[in-house]
Amino acid sequence: MKGPCVVIGGSGFLGHHLVEGLLLRDYVVRVFDLRQSFHDDRVTFFLGDLCEKQALIAALTGATLVFHCASPPPSSNDRNLFYRVNLLGTRTVLQACRECGVQNLVLTSSASVIYEGKDIRNASEDVPYARTPMDYYTETKILQEKEVLHAGSSKDGPLTVAIRPHGIFGPRDPQLVPVLVRAAQKGQMKFIIGDGKNVVDFTYVDNVVLGHILAAETLEEGSPICGKIDMMIHWCQLHA
Ligand code: NAD
């Protein structure tokens, strides 16, 4: 048995798949989330808001590894909520990790943090953050990522890495494919924007999960991924 580890946002689309991937690899898994979306005898649920340190501490005590994949949905576009959860809440997660002696933290960031409305092909991790983020979600994902990576380079830890997937698809996807299907059913997909040759990254959810777990297992003092980001595209190439 490996762990214990905590998946913050483990009731969500990606988080639930991550929980399943961790269980397959013999981790002891806890979920911290506002809600409980499934039942599994092997998983302990802690219900709470990640902005509340005491609630987090109850879940993180004794854990060595934390995955932070909770966020309000991008569609909400609620500035105050994004700032409260993605920036202030992530600071609280980092503080709770320090107080509980958590060694490793893996953040689910987003590829949108480098998107400025212009095409990007074959981006590496060196592409700078968007100066004009496209929405409040992205603005706070940038701030969140900076907080987490900065914490990873400080002495009192935890060691950190941020993963930047773009569109995630797979079973139980509540947003991406259902929204496309609904639009198609309403006849709203009969337009071509641009020259029709635009490309966009989509990653199958199990590959995103694998990327997170491999990153967590590689994260140790002196590891080249410490305090760094990963664009996900390498995982896709490696594991397609
Ligand atoms: P989701 O909405 O399905 O899951 C998010 C989970 O976070 C939910 O279960 C929700 O209850 C929980 N949550 C939200 N606010 C919380 C709070 N204050 N305290 C505790 N729990 C809270 O989202 P998802 O699609 O699984 O996305 C997971 C992560 O991946 C997010 O950080 C998102 O930014 C990132 N991401 C997703 C995609 C995608 O295509 N789905 C792409 C890029 C990045």
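Keep in mind it's a predicted model, so treat the numbers as computed, not measured.

**Some words on the side chain of Glu145**
So, step 1. Tracing the backbone shows Glu145 in helix 4 (residues 136-152).
So, step 2. A polar atom in the side chain of Glu145 sits 2.6 Å from the side chain of Tyr129.

**With respect to the pairing of strand 4 (residues 65-68)**
Consecutive residues of a regular strand have side chains that alternate between opposite faces of the sheet.
So, step 1. The side-chain alternation of strand 4 yields two buried faces, one formed by Leu65 and Phe67 and the other by Val66 and His68.
So, step 2. Judged from the 4 bridges that link them, strand 1 (residues 2-8) and strand 4 form a sheet pairing that is parallel. Bridged to Cys5 within strand 4 is Leu65.
So, step 3. Bridging between strand 4 and strand 5 (residues 104-108) involves 4 bridges; their strand directions are parallel. Each bridged residue has a counterpart across the sheet, and for His68 the counterpart in strand 5 is Leu107.

**Brief notes about the pairing of strand 1**
So, step 1. Where strand 1 lies against strand 2 (residues 27-33), 5 bridges are found, and the strand directions are parallel. Along strand 2, the bridge assignment pairs Val7 with Val31.

**Quick word on the site of the ligand**
So, step 1. Close contacts around the ligand come from 24 residues, with Leu14, Asp33, Tyr137, Lys141 and His166 the closest.
So, step 2. Separating an oxygen atom of the ligand from a side-chain N or O atom of Tyr137 is a distance of 2.5 Å.
So, step 3. In this structure, Lys141 approaches the ligand through a side-chain N or O atom, which is 2.8 Å from an oxygen atom.
So, step 4. Look at the ligand: alone it shows 830 Å² of surface, and the protein chains cover 88% of it.
So, step 5. Of the residues that constitute the shell around the ligand, the class distribution is 10 nonpolar, 10 polar and 4 charged.

**Topic: helix 2 (residues 53-60)**
So, step 1. Every buried residue of helix 2 is listed here: Leu56, Ile57, Ala59 and Leu60. One side of helix 2 holds all its buried residues, which, seen down the axis, span an arc of 165°.
So, step 2. Contacts from the buried residues of helix 2 go to strand 1, strand 2, strand 3 (43-47), strand 4 and helix 3 (79-100).
So, step 3. At the exit of helix 2 stands Gly62, carrying a positive phi of roughly 90°.

**Some remarks on the sheet that holds strand 9 (residues 228-230)**
So, step 1. On the basis of which strands lie adjacent, the open sheet formed by 7 strands has the order 3-2-1-4-5-6-9 and parallel pairing. Lying at the two open borders of the sheet, with one neighbouring strand each, are strand 3 and strand 9. Neighbour to neighbour, the strand axes of the sheet diverge by 20° on average, direction disregarded.

**Some details on the packing of aromatic side chains**
So, step 1. This structure, assessed with the given rule, holds 3 aromatic pairs.
So, step 2. Judged by centre distance (5.1 Å) and plane angle (70°), the ring pair of Phe38 and Phe45 falls under edge-to-face. The pair formed by Phe38 and Phe45 is uniform in burial state, with each residue classed as buried.
So, step 3. Judged by centre distance (5.9 Å) and plane angle (65°), the ring pair of Phe82 and Tyr137 falls under edge-to-face. Of this pair, Phe82 sits in helix 3 while Tyr137 is found in helix 4, placing the two residues 55 residues apart along the sequence.
So, step 4. Look at Phe82 and you get buried, because its relative accessible area is 0%.
So, step 5. Note on Tyr137: relative accessible area 15%, which makes it buried.

**What about the nonpolar core?**
So, step 1. By size, the foremost hydrophobic cluster in this structure holds 30 residues, and its most contacted members are Val7, Leu18, Val19, Leu22, Val29 and Phe67.
So, step 2. Those residues in contact with Val7 that sit more than four places away from it in its chain are Gly15, Leu18, Val19, Leu22, Val29, Arg30, Val31, Phe32, Phe67 and Cys69.
So, step 3. Counting 25 residues, the second largest nonpolar core, distinct from the first, contains Phe32, Leu94, Leu107 and Ala162.

**Considering the environment of Asn86**
So, step 1. Note on placement: Asn86 falls in helix 3.
So, step 2. Considered as a pair, Asn86 and Gln185 are 99 residues apart in the sequence and their alpha carbons are 34 Å apart.
So, step 3. Filtering out sequence-adjacent residues up to four positions away, Asn86 remains in contact with Ala70, Ser71, Pro72, Leu81, Tyr137, Thr140, Lys141 and Gln144.

The rules behind each value
- Residues numbered from 1 in each chain as written.
- Predicted model: local features only at pLDDT ≥ 70, side-chain atom pairs only at ≥ 80, totals over all residues.
- Heavy atoms only, no water.
- Helix = DSSP H or I, 4+ residues; strand = E, 2+ residues; numbered from the N terminus.
- Polar contact = N/O pair within 3.5 Å; in protein donor to acceptor, adjacent residues only side chain to side chain.
- Buried < 20%, exposed > 50% of the residue type's maximum accessible area, 1.4 Å probe, protein only.
- Pairing = 2+ DSSP bridges.
- Near = heavy atom within 4 Å.
- Areas by Shrake-Rupley, 256 points an atom, 1.4 Å probe, with all protein chains shown as cover.
- Nonpolar A, V, L, I, M, F, W, Y, C, P; charged D, E, K, R; others polar.
- Arc of directions from axis to C-beta.
- Contact = heavy atoms within 4.5 Å.
- Axes fitted to C-alpha atoms, helices over the stretch in contact; angles between N-to-C directions.
- Phe/Tyr/Trp six-rings, centres within 6.5 Å; stacked < 30°, edge-to-face > 60°.
- Core = buried A, V, L, I, M, F, W, Y, C linked by side-chain atoms within 4.5 Å.

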